[in-house]
Amino acid sequence: MKKVSGPQVVTTPEAAESPLPPRIQEALGELVGAAREGLLALSVGVGLGVVHELMEAEVDEVVGPKGKWNPDRAAKRHGHERGSMTLGGRRVEVSRPRARTADDERELPVETYDYFADRDPLTRAVMDRMLAGVSTRKCARVGEPVGEKVEQASTSTGKSTVSELFIERTRTALRELMGRRLDDVRLAVMMLDGLQIADRTHVVALGVSTEGHKIPLGLWEGSTENATLARTLLADLVDRGLDPEQAILFVIDGGKALHRAIKDVFGEHALVHRCHRHKERNVCDLLPERDRPQVLARIRGAWALNDADLAEQQLQLLASELDRTWPDAASSLREGMAETLTLMRLEISGQLAKTLCSTNPCESMIEIVRHTQRNVKRWQDGDMRKRWTAAGMLVAEQQFRRIIGYRDLAKLITAIERHTMLDANKNIDRQEQTEPVTV
């Protein structure tokens, strides 16, 4: 008996005499060559073929099939022309069909081509690579392998073109960041901090919504972190729709300019909390190495208490002791001391207090901005600095998560509103006491 090793295929005479059409055989032959260069190159070859077929099918639908005369036709074919589409972070040449109205008055759009020819995916790819640290000269090297034939015919991979695309995209990012409407944004916290770039200062603002989501709000550039610069940034936020009457806690690094700007724009009742980490550095930098651990432990011990008055007493006692040996450190500790206890006076503790006691969330965003700028060797102008910073802030936004302790934000908002109301009542009582009494 003859052993059968596998399934038998029955071939009919009709199947044997029906070879594949020449066009399909030619396409398969090209795809076999592309397959040797990798799966993605194969996919690109298939994709280009599909795009061409889609464009021809669209023209057929508008004009009618080739070789069939239609006296009532509304459009006619108008040959082909060279075009390009975005593929794998580069522009790839394609042959696009054309169609015109039957009376030759105007050309009809080919929507399939318009869709795939959109340059926006290319500019996004260029910006992502540049912010990831790829230089303009190397952008072409890190592109996806699209096959040797497609690679040779591709464009928009040169240094100048990549640079122009990046400038275009970062300008869009800057407009997007600085043009965001804030009418419907409900903030619980706003953090302000400075970023130094090429001897210039960027004040950046990060908001925390009532649901705990972090939102980059804006940036402004100046020579120093002064009150005018911060006031301009905050006024811009109000102009974009941010309600200045919201119950917002402002967390700042300790600069007097930021404090003054907040009071000018959001009113004297605005609550400010001073960053613990900045205060620790400011005090310890004025101490010798041997004294820093002990002083730092006492400062943190005071901040770990639940009673704001007791914490302030301990900090004042430490400042009095430092007066005898290191008076500059004592003055630094006293400066803004009450504002380092704002969260404690609002009775905010636990995870939310750990998150908001410093500007670390804002500094994390700034670190991402610095990382995206690490390969920039020469800053040309203010527009370049602002474009890179805005792009970095939007990159950071993609990585944001809710802040730790966000479930207690409702308690924080209630505490701020209560504190603001009490403060306003105190001011009213104070004014009534100072008004002259008429008999």
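The structure under discussion appears in the preceding block.
Residues numbered from 1 in each chain as written. Predicted model: local features only at pLDDT ≥ 70, side-chain atom pairs only at ≥ 80, totals over all residues. Heavy atoms only, no water.

Please explain the overall build of the protein as it appears in this structure.
Per the secondary structure count, the protein includes 18 helices and 8 strands. Among the 439 residues that make up the protein, the fraction classed as buried is 43%. Taking all contacts inside the protein whose residues are at least 6 apart in sequence as the whole, residues at least 24 apart take part in 66%. (Helix = DSSP H or I, 4+ residues; strand = E, 2+ residues; numbered from the N terminus. Buried < 20%, exposed > 50% of the residue type's maximum accessible area, 1.4 Å probe, protein only. Contact = heavy atoms within 4.5 Å.)

It is not clear to me how the packing of aromatic side chains should be interpreted in this structure. Could you clarify?
Geometrically, a pair of aromatic rings is defined through the distance of the ring centres and the angle of the planes. Tallying each qualifying case throughout the model produces 2 aromatic pairs. Plain terms: the ring middles of Phe250 and Phe266 are 4.8 Å apart, the flat faces sit at 55° to each other, and that makes the pair tilted. Here Phe266 lies in helix α9 (residues 256-266) and Phe250 lies in strand β7 (residues 249-252), a separation of 16 residues in the sequence. Each member of the pair, Phe250 as well as Phe266, is classed as buried. Summarising the aromatic geometry, the rings of Trp379 and Trp388 are spaced 6.3 Å apart at their centres and angled 85° between planes, so their arrangement reads as edge-to-face. Stacked on the ring of Trp220, the Lys or Arg Lys386 has its end atom at 5.2 Å from the ring centre. (Phe/Tyr/Trp six-rings, centres within 6.5 Å; stacked < 30°, edge-to-face > 60°. Lys NZ or Arg CZ within 6 Å of the ring centre and 35° of its normal.)

Looking at this model, I keep getting lost on helix α10 (residues 276-284). Mind explaining?
One full turn of an α-helix is made of 3.6 residues, so residues set three or four places apart face in the same direction. Taken together, the buried positions of α10 are occupied by His276, His278, Lys279, Glu280, Val283 and Cys284. Elements in contact with the buried residues of α10: β4 (187-197), β8 (271-274), α11 (292-303), α13 (327-334) and α16 (360-372).

Quick question: what am I supposed to make of the sheet that holds β8 here?
Each strand in a sheet pairs with another by means of backbone hydrogen bonds, the pair being arranged parallel or else antiparallel. Strands sit in the order β6-β5-β4-β7-β8 across an open sheet of 5 strands; the sheet is mixed. Edge positions in the sheet fall to β6 (214-222) and β8, since each of these pairs with one other strand and no more. Each strand of the sheet is rotated relative to its neighbour by a mean of 20°, with strand direction disregarded. Sitting on the sheet, helix α8 (residues 227-239) is in contact with β4, β5 (200-209) and β6, with an inclination near 140° to β6. (Pairing = 2+ DSSP bridges. Axes fitted to C-alpha atoms, helices over the stretch in contact; angles between N-to-C directions.)

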